[in-house]
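Here is what each chain is made of, one letter per residue.
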Amino acid sequence: MKSLFRSIQRRFLVIALAASSVFLAPLALASSYPSQPIRLVVPWVPGGFTDVFARKVADAMSKKLGQPMIVENKPGANGSMGTRYVAQSSGDGYTIIMETADTHAINPSIYKDLGYDPVKDFKQVSFLSAQPLVFAVSASVPANTVEEFIELAKKRPGELTYGTWGIGSVSHLGFERFANESGIRLNHVPYKGVSPAILDVAAGRVDAIFVGLLSAGDHFKTGKLKALAMTSARTVSQMPGIKPLQALGYQDFDINLWYALGVPASTPDAVVRTLSEAAQYAIKETDIKTMLESYSMEVRGTDAKEAQAIIASERERWAKAATEANISAN
């Protein structure tokens, strides 16, 4: 009987130790985190602003965390390939994602087999920033205003082209909305990233683009691109005299690019807090803040809770836009 009792005791002890290890493992991870390099996955091609911004953020966060943060580009399917990779990664805090409206607000509405859920599969770390877009055309396009562009498009229905960084991207939905409101037909030319799209518009191979200032600023300076309007709700100091589309009669036309950091949903909250604090430091307390302000970008660097709420709201907003544009990537 005593041997049976001792056997039962041992079994309960083993079960108790196993159960405690399940609860203590995340705490142990959090207390030692980070103890190795961290990968920041950018689901876009190198060279665009998302990539450049990610590298600056990674460098600043590395200083705060005491470990290198290595940027890894995994482009494809409007950012969904790299995002899916992170969603399926271990939630140990060593693989994080640079999110955009494309990956976490638009893709779920246009891809049937996305491979990830932007809400269930991720915890948000920080909403970093947002930048206004410029409605730009190639220097070879004989139009210097939005009205002239529309007049040209009506004379040549379906002939004028616009470049984007992918089907269902912010720029794609934005142009579809503009074309519908202005009563014109344009030809969509999708690319795998913003850099090749800008190069073809600057070279005159494609007519128009919605593009961020940081991605195309030099092309405005050299005259290869002409700015017709802002897609944001406000003017910006870097583009004097360039009015928002809303001021030209396009109601509720406020389109921008935003950037956030996320991790797999299984990541311990303590690790998320550590990453969030490092992200807030990078955005608010380093030269990144000056850079963002110089391009009229919003300086956010929110905590995890606020980031979660913002992206949930953006998800609802862009889902409606995708439905209205009747866009599907499948």
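Relevant structure appears above.
What counts and what doesn't
Residues numbered from 1 in each chain as written. Predicted model: local features only at pLDDT ≥ 70, side-chain atom pairs only at ≥ 80, totals over all residues. Heavy atoms only, no water. Helix = DSSP H or I, 4+ residues; strand = E, 2+ residues; numbered from the N terminus. Buried < 20%, exposed > 50% of the residue type's maximum accessible area, 1.4 Å probe, protein only. Contact = heavy atoms within 4.5 Å. Polar contact = N/O pair within 3.5 Å; in protein donor to acceptor, adjacent residues only side chain to side chain. Core = buried A, V, L, I, M, F, W, Y, C linked by side-chain atoms within 4.5 Å. Salt bridge = Lys/Arg side-chain N within 4 Å of Asp/Glu carboxyl O. Pairing = 2+ DSSP bridges. Expected span 1.5 Å × (residues − 1). Phe/Tyr/Trp six-rings, centres within 6.5 Å; stacked < 30°, edge-to-face > 60°.

Novice: Any chance you could explain the overall build of the protein chain here in plain terms?
Specialist: Assigned secondary structure in the protein chain consists of 11 helices and 10 strands. C-alpha atoms of the protein chain, sized along the principal axes, occupy 95 × 40 × 30 Å. Going through the 330 residues of the protein chain one by one, you find that 52% of them count as buried. Residue pairs at least 24 apart in sequence account for 77% of intrachain contacts in the protein chain once pairs closer than 6 positions are excluded.

Novice: Is there a simple way to think about the environment of G115 in this case?
Specialist: With respect to the helices and strands, G115 occurs in the loop between helix 4 (101–110) and strand 4 (122–138). Classification of G115 as partly exposed rests on a relative accessible area of 44%. Sequence spacing of G115 and Q67 is 48 residues, and the spatial spacing of their C-alpha atoms is 30 Å. Leaving out residues up to four positions away in the same chain, G115 has contacts with R84 and Q88.

Novice: Explain the side chain of S171 here, please?
Specialist: Looking at where S171 falls in the secondary structure, it is placed in helix 6 (residues 170–182). Look at S171 and you get buried, because its relative accessible area is 0%. Polar contacts involving the side chain of S171 include one to the side chain of S169, which spans 3.0 Å. Leaving out residues up to four positions away in the same chain, S171 has contacts with T164, W165 and F210.

Novice: Please explain the nonpolar core as it appears in this structure.
Specialist: Buried together is how nonpolar side chains tend to be arranged in soluble globular proteins. Ranked by internal contacts, the top residues of the largest apolar core, which has 107 residues, are F53, M61, F135, F149, F178, F220 and L275. When residues in this core are grouped by element, the largest group, 10 residues, is from strand 4. What F220 contacts, discounting residues up to four positions off in sequence, is V134, A136, V211, L213, L225, K226, A227 and M239.

Novice: Would you explain helix 8 (residues 213–222) in this entry?
Specialist: For an α-helix the count is 3.6 residues per turn, leaving residues at separations of three or four pointing the same way. The complete set of buried residues in helix 8 reads L213, L214, A216, G217, H219 and F220. For helix 8, the elements touching its buried residues are helix 2 (49–65), strand 4, helix 7 (194–202), strand 7 (208–212) and strand 8 (225–230). Looking at the residues trailing helix 8, positive phi occurs at G223, about 85°.

Novice: Could you clarify how one ought to interpret the pattern of salt bridges in this entry?
Specialist: Applying the stated rule across the entire model yields 13 salt bridges. Here D200 and R205 are joined by a salt bridge, their closest N and O atoms 2.8 Å apart. Where salt bridges share partners, they join R39, E72 and K74 into one cluster.

Novice: It is not clear to me how the pairing of strand 3 (residues 95–100) should be interpreted in this structure. Could you clarify?
Specialist: Taken residue by residue, a regular strand's side chains alternate between the two faces of the sheet. Most of strand 3 is tucked away, with six of its six residues classed as buried. Bridging between strand 3 and strand 9 (residues 256–264) involves four bridges; their strand directions are antiparallel. Bridging across to strand 9, E99 finds its partner in A260.

Novice: Help me understand helix 2 in this model?
Specialist: With 17 residues, helix 2 extends 24 Å from end C-alpha to end C-alpha; this agrees with the ideal 24 Å at 1.5 Å per step. The set of residues buried in helix 2 consists of F49, T50, D51, F53, A54, V57, A58, A60, M61, S62 and L65. The first or second residue beyond helix 2 is G66, which carries a positive phi of 80°.

Novice: What am I meant to see in the packing of aromatic side chains here?
Specialist: For any pair of aromatic rings, the description consists of the separation of the ring centres together with the inter-plane angle of the planes. Scanning all chains against the criterion turns up 16 aromatic pairs. Relative to Y259, the ring of F49 lies with its centre 5.3 Å away and its plane at 70°, an arrangement referred to as edge-to-face. On the criterion of sequence distance, the pair formed by F49 in helix 2 and Y259 in strand 9 is long-range, its members being 210 residues apart. Just as F49 is buried, Y259 falls in that class too. With centroids separated by 5.5 Å and ring planes inclined at 40°, the aromatic side chains of F127 and W258 adopt a geometry described as tilted.

Novice: How do you make sense of unusual backbone geometry when you look at a structure like this?
Specialist: Of all residues except glycine, most have a negative phi; of all peptide bonds, most are trans. With an omega of -5°, the peptide bond between Y33 and P34 qualifies as cis. Residue position: P34 is located in the loop between helix 1 (2–32) and strand 1 (38–42). If you check the backbone angles, A77 has positive phi at about 55° while not being a glycine. Note that A77 resides in the loop between strand 2 (69–73) and helix 3 (80–87). One non-glycine residue, S296, lies in positive phi territory at about 55°. Tracing the backbone through its elements, the reader meets S296 in the loop between helix 10 (287–294) and strand 10 (298–299).

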